[in-house]
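An overview of the molecular structure
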Amino acid sequence: MLNCWKEEIGRIPGKKSDEMGGIDPKNQSSIGNYSRKRSIYVSSASGAEDLLQKANILQLSHVGLNMIFSFDSHILAGNVIVSDVQTIRPCLLAVTLVEHSKSGGKTDRFHNYVINLRVKSLHRVVRRFFRLPVCFVGYDFKQILFCLWQLNITEPETIWDVLIHEKVIQLGLYHRPAKSNIHNDDIFSQIKEKEDRKQLEQFQIGWQCICQRYGVSYRNNGNSKLIQDSIFNHPRQKPYTAKQLNYVAAGAIAAARTYPHQISTASQSGILHHLITIEMPFITTVAKMEWTGVGFDQERYDIITDTYRTSIKKLKKKIAKHGIGNPLSHQALQRFFKSAGIINRFALRGKYSFEKGQLKRNLDAHPIVRELLNYRQLSNLLRSASKLEDFVAFDDRIHAQYHSVGAVSGRLTTHNPNIVGLDSRLRHLITPEPGNGIGEADWCQFEVGIAAVVYGDEKLLNMFNNGDVYTLMAKEFFKDKISKSDRKLSDRKFKQRYPNLRKKMKTCVLGVIYGMTSSAMSELLKCSRMEAQQLYRKFLQMFPSLSKAREETHINNKRRGCATTTTGLKRYRSKINSRHVGKEKWLIN
């Protein structure tokens, strides 16, 4: 039997009381088995001082937190409703002080408090409380930080987010890769599959599921919304009920109990170092970016959207002269190109595609292709700009939602709106504060140098350290097509004289590093699949150490069932897609 369950069984009513004190029979049903000491309600300055004094004299292991809050306003953007983060209203804060027991046979002592944050005189003491040199634990800690900042309270130095740990420990386990053939299922099946996958992922990292996974008691009778509403609407003059206080305290107690289990799990999985040094400190950074938001230039927006609308109308008239009433209609485009006798130029995976990438690859097929491409790009830009404006909050700023470990690769993602993925032509709508500026950092071939170091290829590393790496590669790779004198050209002059060779080399090297297939490479290079395979093989022959190391990495990761970063982050093979394990490119890159 797990130790955590032995602890829970030991707290069944009727057993001998532990050091945390006996159970009050009158409150036994409302308190639950997770604690033997009732929560202390703090609504006065003296009560807050008592809490702080106790926290200072106890040998604390960690502190569990749970925050009850609401939002005064929301943003309606299309069919999406987003809470305005700057209008967050903290209500109650549950605190569980965990006093570590020095005796091996005794469990830790829990001291539970619920603080009424509506009482402003308590904020000064709460501010001092969060300066304690101890780890503060909570679920979705970003929301807790928002509440603290709303009260002008500085965030604690050390935090642990229960949610982030679960996202990291399960990274990739419930991921279903996009289908290689986009026409396999109808659109409704694809939407349903996406929603089902999202629900599964959310269930696995839900608070209830996490507690069950570690054997932690967490009382929630399914009426949490009713209890929360009763707390928000509770009269300020009246004390909170035992049911309300116990509901708030349960979250902090569960967070406090979950923390040791997660530390143990992370240590055994080899990701504890990554969590402590990378993910947990990054939570504060991510929350601060969301809390601060970015400026939005309304005047520029009005100008560019008017310009886009005018250009779109002109393009639509031009395209209509060719008999295409709706430039975005797949059927209309298929009829036109079929009548023009060039429909086969747009064949892709057994179907006809007129998406942006396919139009770019066939600009020479017909003059109308460029107009269609411009129309599609301008329409997308106008739609993106309109979505951006929809999310402007009451402070005239955009507070996009940032999600740590949001992608299956472990990267940061943004939603409502996707500010990180904003088109470069719309970035000037984001404005800095007076006296500040916005810069853009380019890796500038660094991924090639990193690959050279990781895979231990001295030849590739020397090229990286001695000039433009793509130019140096192209000079050697295409030496039979370049004269000896041209091979001595400077990087700048070679790039001007042989731009296509350098571009082809860049596509090839990045394709190899990031695990691109020869089929995808052939589409980018506008060549046959056989020619792309030949380029692929020739490149690997030029860098044998890189080729060998990549193959060994793929084999080792395949055996382990996960890929690992240098800091210890692991992406695991999906449980719901085991039949495709032989085609997992991420096992290499």
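Residues numbered from 1 in each chain as written. Predicted model: local features only at pLDDT ≥ 70, side-chain atom pairs only at ≥ 80, totals over all residues. Heavy atoms only, no water.

**A word on the nonpolar core**
Core analysis: the biggest nonpolar cluster contains 64 residues, and Leu97 and Phe129 have the highest contact counts within it. Here this core gets seven residues from one element, more than from any other, and that element is helix α5 (residues 141-150). When sequence neighbours within four positions are dropped, the list of residues in contact with Phe129 reads Leu52, Ala55, Val63, Val95, Leu97 and Phe136. (Core = buried A, V, L, I, M, F, W, Y, C linked by side-chain atoms within 4.5 Å. Buried < 20%, exposed > 50% of the residue type's maximum accessible area, 1.4 Å probe, protein only. Helix = DSSP H or I, 4+ residues; strand = E, 2+ residues; numbered from the N terminus. Contact = heavy atoms within 4.5 Å.)

**Observations concerning the confidence of the model for the protein chain**
In this model, the protein chain carries an average pLDDT of 84, and 85% of its residues clear a pLDDT of 70 or more. Looking at the elements of the protein chain, mean pLDDT is at its lowest for helix α2 (residues 28-31), recorded as 32, and at its highest for strand β7 (residues 135-138), recorded as 98. Confidence drops under a pLDDT of 50 for residues 11-36, and excluding neighbours within four residues, the segment shows 48 contacts in the predicted structure. With pLDDT under 50 throughout, residues 180-185 is counted as low confidence; its partners more than four residues away or in other chains account for eight contacts. (pLDDT = per-residue confidence, 0-100.)

**What about helix α9 (residues 224-232)?**
For α9, the full list of buried residues reads Ile227, Ile231 and Phe232. Seen end-on, α9 carries its buried residues on one side only, within an arc spanning 140°. Turned more than 90 degrees from where α9 packs its buried face, Lys225 and Leu226 sit exposed. (Arc of directions from axis to C-beta.)

**Topic: the pattern of salt bridges**
Oppositely charged side chains are able to pair whenever their charged atoms sit close together. In the structure shown here, the tally under the stated rule is 15 salt bridges. Across the salt bridge formed by Lys142 and Glu290, the nearest N and O atoms sit 2.9 Å from each other. Residue Lys142 is found in helix α5, and its partner Glu290 is found in helix α11 (residues 272-292); the two are separated by 148 residues along the sequence. Salt-bridge contacts for Asp229 lead to Lys225; the nearest nitrogen and oxygen are separated by 3.1 Å. Of this pair, Asp229 and Lys225 both sit in helix α9, four residues apart, which is roughly one turn of that helix. A relative accessible area of 29% means that Asp229 is categorised as partly exposed. Since its relative accessible area comes to 58%, Lys225 is described here as exposed. Connected through shared salt-bridge partners, Glu49, Arg124 and Arg128 make up one network. (Salt bridge = Lys/Arg side-chain N within 4 Å of Asp/Glu carboxyl O.)

**As for unusual backbone geometry**
Here the residue pair Asn416 and Pro417 is connected by a cis peptide bond, since its omega of -5° sits within 30 degrees of zero. Residue placement: Pro417 occurs in the loop between β14 (413-415) and β15 (430-431). Its identity is not glycine, yet Val405 carries a phi of approximately 50°, on the positive side. Owing to a relative accessible area of 7%, Val405 belongs among the buried residues under this scheme. With a phi angle near 45°, Asn416 is a residue other than glycine that sits in the positive phi range. Structurally, Asn416 is set in the loop between β14 and β15.

**Here's the deal with the pairing of strand β3 (residues 74-77)**
Residues Ile75 and Ala77 line the buried face of β3, whereas the alternating positions His74 and Leu76 sit on a face that is not buried. Two elements, β3 and strand β4 (residues 80-83), share four bridges in a ladder whose sense is antiparallel. Residue pairing for β4: Ile75 is matched across the bridge by Val82. Remark: two residues form the turn of the hairpin made by β3 and β4, two consecutive strands paired antiparallel; Gly78 in that turn has positive phi of roughly 70°. (Pairing = 2+ DSSP bridges.)

**A look at the environment of Thr553**
With respect to the secondary-structure elements, Thr553 resides in helix α23 (residues 544-560). Once the C-alpha coordinates of Thr553 and Tyr455 are considered, the two residues, 98 residues apart in sequence, prove to be 8.9 Å apart.

**Considering the packing of aromatic side chains**
Summed over all chains, the structure comprises 20 aromatic pairs. Geometrically, the ring pair formed by Phe130 and Phe136 is tilted, given 5.1 Å between the ring centres and 35° between the ring planes. According to the relative accessible area criterion, Phe130 is buried, its value standing at 2%. Phe136 sits in the buried class, given a relative accessible area of 0%. Taking 6.1 Å as the distance between ring centres and 85° as the angle between the ring planes, the aromatic pair formed by Phe446 and Phe464 counts as edge-to-face. One end of the pair, Phe446, is in helix α16 (residues 446-455); the other, Phe464, is in helix α17 (residues 458-464), and 18 residues separate them in sequence. Taking the relative accessible area as the measure of exposure, Phe446 reaches 45% and is therefore partly exposed. (Phe/Tyr/Trp six-rings, centres within 6.5 Å; stacked < 30°, edge-to-face > 60°.)

**A word on the packing of helix α6 (residues 162-169) against helix α10 (residues 242-269)**
At a minimum axis separation of 11 Å, α6 and α10 run at an interaxial angle of 30°. The pairing of α6 with α10 is recorded here as roughly parallel in orientation. Here the hand of the crossing between α6 and α10 comes out left-handed. Here Val162, His165, Glu166 and Ile169 of α6 lie close against α10, whose contacting residues are Thr258, Gln262, Thr265, Ala266 and Ser269. For the contact of α6 with α10, the residue count by class is three nonpolar, five polar and one charged. (Axes fitted to C-alpha atoms, helices over the stretch in contact; angles between N-to-C directions. Parallel < 35°, antiparallel > 145°, perpendicular 65-115°, else oblique. Left-handed = near helix turned anticlockwise from the far one by under 90°. Nonpolar A, V, L, I, M, F, W, Y, C, P; charged D, E, K, R; others polar.)

**A look at the sheet that holds β7**
The mixed open sheet is built from six strands, whose spatial order is β1-β6-β5-β2-β7-β8. Of all the strands in the sheet, just β1 (40-42) and β8 (158-161) have a single pairing partner and so form its edges. On average, each strand axis in the sheet is tilted by 25° relative to the strand beside it, whichever way the strands run. The pairing of strand β2 (residues 60-71) with β7 spans two bridges and is classified as parallel. Each bridged residue has a counterpart across the sheet, and for Gly64 the counterpart in β7 is Val137.

**Regarding the sheet that holds β15**
In space, the three strands of this open sheet follow the order β12-β9-β15, with antiparallel pairing throughout. Edge positions in the sheet fall to β12 (397-398) and β15, since each of these pairs with one other strand and no more. Examined bridge by bridge, strand β9 (residues 294-296) and β12 share two bridges and lie antiparallel to one another. By the bridge assignment for β12, Gly295 is matched with Arg397.

**Some remarks on the packing of helix α22 (residues 529-542) against α23**
Contact pair α22 / α23: the axes reach a minimum separation of 5 Å and the direction vectors enclose 105°. Taken together, the axes of α22 and α23 are roughly perpendicular relative to one another. For the pair α22 and α23, contact is made by Tyr536, Phe539, Leu540, Gln541 and Met542 and by Pro544, Leu546, Ser547 and Arg550, respectively.

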